[in-house]
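What follows is the residue order along each chain.
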Amino acid sequence: MEGITFFSGLWFCLVAVLIAGYFILDGFDLGAGVLYPFIAKTKTEKAVIRRSIGPVWDGNEVWLLTAGGALFAAFPPAYATTFSGFYLAIMLVLFGLIVRAVSLEYRVHDEKWGGLWNLLFFLGSLLPALLFGVAIGNVYAGIPMSALGDYTGFPLFGLITPFTLLCGVLGLLMFMAAGASWIAQKAPKPSELQERAAKIRTILQICTLGVFVIVTVYALFGINLEMLGGLAAILRYLFAALFVVALIAAIFFGKKGNDLFSFIAQSASAFVLVGLFAASMFPNLVIASANSVGQNITIMNAANSELTLMWMTIITCVGLPLVLLYHVISYRTFRGRLTDEDLDY
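Sequence positions are assigned chain by chain, starting from 1 and proceeding in written order. With pLDDT at 70 or above as the cut-off, local features in this predicted model cover only qualifying residues; side-chain atom pairs require 80 or more to be listed or tallied, and sums for whole chains, interfaces and linings still use all residues. Note that the side-chain values use all heavy atoms of the structure and ignore hydrogens as well as water.

Across its full length, the protein holds 12 helices and 2 strands. N-terminal to C-terminal, the α/β element order of the protein is α-α-α-α-α-α-α-α-α-α-β-β-α-α. Our radius of gyration looks at C-alpha atoms and nothing else; its globule reference is 2.2 Å times the residue count to the power 0.38. In summary, the protein has a C-alpha radius of gyration of 20 Å against a globular reference of 20 Å for 345 residues, a match within 12%. Counting only C-alpha atoms, the protein reaches 60 × 40 × 35 Å along its principal axes. With a 1.4 Å probe rolled over the protein chains alone, any residue whose accessible area is under 20% of its type maximum counts as buried; one over 50% counts as exposed, and the rest are partly exposed. Here the protein holds 345 residues, and 51% of them are scored as buried. Contacts between residues were defined by any pair of non-hydrogen atoms, one from each residue, lying within 4.5 Å. Across the protein, every contact between residues at least 6 apart in sequence was considered, and the portion connecting residues at least 24 apart equals 81%. For the protein, the exposed surface amounts to about 16400 Å²; the carbon and sulfur share of it is 74%. Working convention for charge: Lys and Arg count positive, Asp and Glu count negative, and His plus the chain ends are omitted. Charged groups are reduced to one reference atom each: NZ for lysine, CZ for arginine, CG for aspartic acid, CD for glutamic acid. In the protein, which carries 19 positive and 19 negative side-chain charges, the distance between the mean positions of the two groups comes to 10 Å. Numbering of helices and strands starts at the N terminus; helices are DSSP runs of H or I of at least 4 residues and strands are runs of E of at least 2. A 1.4 Å probe and the Shrake-Rupley method give the accessible areas. Residues count as covered only by the protein chains that appear here.

If you want it as structure tokens, here you go:
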């Protein structure tokens, strides 16, 4: 019993880390795609944005696949409920990611249809950036479930409420702020693109702080979620404070002209925001709404066997360092600001 308790808690944390990794890494290139038609005024500026994410976007998306696979293997009932209940929303996300990838690859080779590829790049970035936050809001606020754990609400519109829309807006702002931070530290300096990205970065970060306060107040007083006390409560307050500090630091470094440190602080805020969500949810994986027949899906009633979780942990100890090493090599290889010679993607 102690073994399954340990491994289920460990994999709750590991799934949160994988989600945070995706939120940070694919967050900035999704955000760059959302901002693409608004801050890139010329073909050269559009090429700068595409080239800045071109070598890394596909590796970043691996974290989403890994997080989904880890949830499936570690907590199958939670995977089944969320992926079947959010089926239409997930399909929209997948279609968005597909057309985004296609548009990136085709844009540089097909100038005739360049306007279409630019539009698809924007839409393919906007859909995931918005719907991820909506999905997280639903998992937190609770969804109607049957006694077997099946989602019993409307396929898509049943997931849209004022709170989940606010969560979607918060996620979108985080993605866009990360995208602006990335562009600001990758675009040539001085350049008009870099200046526009730096300006909108600060605006987005301030807006993010405002929406975060609104979502927090709504979650505390408008959502009837029983949370654990003790260490979990301490972590919630700590993560909330760190989120505010990280965003303020990102704004401060941006004002000082240190675009790299601003991007790092922005990424840190994304990590602690996922940590805040995890600390607020623990030990629940999916909350059952008040009108549900079924109960909450927790790490204990959804965990796979102790043997499975043990072997997953061993494999992760080998595989995760290799993935991190790949990212270190990749980002080190393509570090620094772009030059005119780089704009061939």
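After presenting the structure, the write-up continues.
By the secondary structure assignment, Arg50 is in helix H2 (residues 43-53). Arg50 sits in the buried class, given a relative accessible area of 6%. For Arg50, the side chain forms a polar contact with the side chain of Tyr36, separated by 2.8 Å. Counting of polar contacts relies on pairs of N or O atoms within 3.5 Å, with two restrictions inside protein: one atom must be capable of donating a hydrogen and the other of accepting it, and residues adjacent in sequence are counted only when both atoms are side-chain atoms.

Mapped onto the fold, Phe95 is located in helix H5 (residues 87-107). In this structure Phe95 comes out as partly exposed when scored by relative accessible area, which is 49%. In the structure, Phe95 is positioned 29 residues away from Gly124 in sequence and 7.4 Å away in space, judged by C-alpha atoms.

You can see Leu325 is positioned in helix H12 (residues 306-333). Overall, the relative accessible area of 47% leaves Leu325 in the partly exposed class. The spatial distance from the C-alpha of Leu325 to the C-alpha of Thr42 is 36 Å, given a sequence separation of 283 residues.

What follows deals with H2. With 9 of 11 residues buried, H2 lies mostly within the body of the structure. Every buried residue belonging to H2 is among Glu45, Lys46, Ala47, Val48, Ile49, Arg50, Arg51, Ser52 and Ile53, and all of these are buried.

Glancing now at the nonpolar core. The nonpolar core is taken to be a set of buried Ala, Val, Leu, Ile, Met, Phe, Trp, Tyr and Cys residues, with the residues joined through side-chain atoms within 4.5 Å. In this structure, Trp11, Ile49, Phe75, Ile183, Leu273 and Leu285 are the most contacted members of the largest nonpolar core, which totals 98 residues. Sequence-distant contacts of Leu285, defined by excluding residues within four places in its chain, comprise Phe12, Phe75, Ala78, Val139, Ile297, Thr298, Ile299 and Ala302.

Okay, the packing of helix H8 (residues 192-222) against helix H10 (residues 259-281) next. Note on method: axes are straight lines fitted to C-alpha atoms, helices fitted across the in-contact stretch only, with angles between N-to-C directions ranging 0 to 180 degrees. In the contact formed by H8 and H10, the axes pass within 12 Å of each other and the chain directions differ by 25°. With respect to H10, the element H8 is oriented roughly parallel. The crossing of H8 and H10 is left-handed. Contacts from Gln194, Arg201, Gln205 and Phe212 in H8 reach Asp259, Ser262, Gln266, Leu273 and Leu276 in H10. Under this grouping Gly is polar, as are all residues other than the nonpolar Ala, Val, Leu, Ile, Met, Phe, Trp, Tyr, Cys and Pro and the charged Asp, Glu, Lys and Arg. Class assignment for the residues of the contact of H8 with H10 results in 3 nonpolar, 4 polar and 2 charged. We call two directions roughly parallel when the angle between them is under 35 degrees, roughly antiparallel when it is over 145, roughly perpendicular when it lies between 65 and 115, and oblique otherwise. Crossing handedness is defined as follows: a turn of the near helix away from the far one that is anticlockwise and smaller than a right angle gives a left-handed crossing, while the clockwise case is right-handed.

Oppositely charged side chains are able to pair whenever their charged atoms sit close together. Here, a salt bridge means any side-chain nitrogen of Lys or Arg that lies within 4 Å of a carboxyl oxygen of Asp or Glu. This model, assessed by the stated rule, comprises 8 salt bridges. For the salt bridge of Arg100 with Asp29, the shortest nitrogen-to-oxygen distance reads 2.4 Å. In this pair, Arg100 sits in helix H5 while Asp29 sits in helix H1 (residues 2-39), placing the two residues 71 residues apart along the sequence. The exposure class of Arg100 is buried, given its relative accessible area of 0%. In the salt-bridge network here, residues are joined through shared partners; they are Asp26, Asp29, Glu61 and Arg100.

So, on to unusual backbone geometry. Look at the link from Lys189 to Pro190: it is a cis peptide, with omega at 5°. Relative to the helices and strands, Pro190 resides in the loop between helix H7 (162-186) and H8. Cis geometry is adopted by the peptide bond preceding Pro283, which originates at Phe282 and carries an omega value of 5°.

Right, let's get into the packing of aromatic side chains. Here is the rule: rings of Phe, Tyr and Trp (six-membered ring for Trp) pair when centre to centre is within 6.5 Å. Planes less than 30 degrees apart are stacked, more than 60 are edge-to-face, and the remainder are tilted. By the definition in use, this model includes 19 aromatic pairs. With centroids separated by 6.2 Å and ring planes inclined at 85°, the aromatic side chains of Trp182 and Tyr331 adopt a geometry described as edge-to-face. Placement of Trp182 in helix H7 and of Tyr331 in helix H12 is noted, with a sequence separation of 149 residues between them. With relative accessibility at 5%, the residue Trp182 sits in the buried group. A relative accessible area of 22% places Tyr331 in the partly exposed class. Seen from their ring centres, Phe212 and Phe243 are 4.4 Å apart, and the 45° between their planes marks the pair as tilted. Here Phe243 lies in helix H9 (residues 231-255) and Phe212 lies in helix H8, a separation of 31 residues in the sequence. Judged on exposure class, the residue Phe212 and its partner Phe243 are both buried.

A few words now on the packing of H5 against helix H6 (residues 114-141). If you want to describe how two helices pack, look at the angle between their axes and the distance between the axes. With their axes 7 Å apart at the nearest point, H5 and H6 run at an angle of 145° to one another. Classified by chirality, the crossing of H6 by H5 is left-handed. Taking contact as the criterion, the partners of Ala89, Leu92, Val93, Gly96, Leu97, Val99, Arg100, Val102, Ser103, Leu104, Tyr106 and Arg107 in H5 are, on H6, Gly114, Trp117, Asn118, Leu120, Phe121, Gly124, Ser125, Leu127, Pro128, Leu131 and Phe132. Of the residues in the contact of H5 with H6, the class split is 15 nonpolar, 6 polar and 2 charged.

Turning to the environment of Leu94, a few remarks are in order. With respect to the helices, strands and loops of the structure, Leu94 is situated in helix H5. Sequence separation between Leu94 and Leu338 is 244 residues; the distance between their C-alpha atoms is 30 Å.

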